[in-house]
Amino acid sequence: MKPSRDKRRDKRPQPDRTSQPAARGERSDAPRRAPEKAEAHAAPEPKTAPRQLVRREGALPAERLPVILEVAPNDDYALLDSGNGEKLEQYGPYRIVRPEGQAIWQRALPAKEWNNVDAVFTGDTDEEGMGRWRFPKTPLGETWPMRHDGIDYLGRFTSFRHVGVFPEQASHWDHMAGLIRDAKRPVKVLNLFGYTGLASLVAARAGAEVTHVDASKKAIGWARENQEIARLTDKPIRWICEDAMKFAEREERRGNAYDIILFDPPAYGRGPKGEVWQLFEDLPALTDICRSILTPKPLAVVLTAYSIRASFFAIHALMRDTFASMGGVVESGELIIREKAGGRALSTSLFSRWLAK
């Protein structure tokens, strides 16, 4: 569940975030998973020797692009309106206003609709800054009950404008659940930068054995709480607080493998021991490791990228090169949320996914 992608997208926030803690609501003005964590870090550990990358031989996977994955308004979540640098959203029982740098158009709904809200994010909206929530009606607590496709979880008001979920990811969640059910066999899923756990809960409910990795102890705590609220404590989910790159490297050395890998890295972040993550520097190596820890009959690898100044063609080329000789297809494009009032599409992130078939 990262920041939006406005003019501040290339700034590098101070909070830790090798496991994206942002919710999934904004992607350009707050670090994705690191925003809600204010955990102290030890001095950064020295980096291990860079992974030696060599372009793989073999035919490239087929390609489909651009692919636009859309989330439409529903009873659980709706983008009601947007414009003038803000967005009006419905999260379960609450109407919320948050900054949205990409909404450079005019609002479709009248001012009275924008004023009839339960929470407004105010204060410093810079990527490195912290803000606060204003409650025009009744003061609200930190959490409130939410639901996605029958899975209960908690929404949260955080100081970095996020609310514990990134609704646009529902397209990936639904697709993943279908792959798990259609496999008709045991499926192992690795969710790197897992945040508050919605993807992990969806995968577990569909029948997978899930390993959820996030660098934030707070995010792991929230994810465990969501598992309880979703009444899925009987499902096999390992919750691991660890730097994503280090965990993946260790799994490679151990010979552990997965059928589906999700990774949703921040543009910049820190692991629990001060490990530094920089997307353009570290993403090629992590993508390569993800290939190496797939099972002999893998199903998919899904990469989502927020807050970067790049085209989806960049990560598309990376994924096709990395999965050369494996067949399948690489689909790349954007995740969007369809607005209810004006029908406009709000782009939230870039993605690229390799599918075995």
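Since we're looking at a predicted model, the values are computed, not measured.

Secondary structure summary: the chain contains seven helices and 17 strands in total. Looking at the chain residue by residue over its 357 residues, the buried ones come to 58%. Roughly 14,200 Å² of accessible area belongs to the chain as shown, and the carbon and sulfur atoms make up 51% of that amount.

Our next topic: the packing of helix 6 (residues 279-292) against helix 7 (residues 312-322). Interhelical geometry of helix 6 versus helix 7 gives an angle of 35 degrees and a closest axis separation of 10 Å. In the crossing of helix 6 with helix 7, the sense of the turn from one axis to the other is right-handed. Facing Leu283, Pro284, Thr287, Asp288 and Arg291 of helix 6, the residues of helix 7 in contact are Ile315, Leu318, Met319 and Thr322. When its residues are assigned to classes, the contact of helix 6 with helix 7 shows five nonpolar, two polar and two charged.

Following the criterion strictly, the structure yields 25 salt bridges and no others. In this structure, glutamate 275 engages lysine 246 in a salt bridge whose closest nitrogen and oxygen atoms are separated by 3.6 Å. With glutamate 275 in the loop between strand 13 (268-270) and strand 14 (276-278) and lysine 246 in helix 5 (residues 244-254), this residue pair connects regions lying 29 residues apart in the sequence. Judged by relative accessible area, which is 7%, glutamate 275 ranks as buried. In this structure, a network of salt bridges that share partners links the residues Arg51, Arg56, Glu252 and Asp288.

For the chain, mean pLDDT is 87; residues scoring 70 or higher make up 85% of the total. For the stretch residues 1-41, pLDDT sits under 50, and the model shows 242 contacts to residues farther than four places along the chain or on other chains.

Rules of the game
- Residues numbered from 1 in each chain as written.
- Predicted model: local features only at pLDDT ≥ 70, side-chain atom pairs only at ≥ 80, totals over all residues.
- Heavy atoms only, no water.
- Helix = DSSP H or I, 4+ residues; strand = E, 2+ residues; numbered from the N terminus.
- Buried < 20%, exposed > 50% of the residue type's maximum accessible area, 1.4 Å probe, protein only.
- Areas by Shrake-Rupley, 256 points an atom, 1.4 Å probe, with all protein chains shown as cover.
- Axes fitted to C-alpha atoms, helices over the stretch in contact; angles between N-to-C directions.
- Left-handed = near helix turned anticlockwise from the far one by under 90°.
- Contact = heavy atoms within 4.5 Å.
- Nonpolar A, V, L, I, M, F, W, Y, C, P; charged D, E, K, R; others polar.
- Salt bridge = Lys/Arg side-chain N within 4 Å of Asp/Glu carboxyl O.
- pLDDT = per-residue confidence, 0-100.

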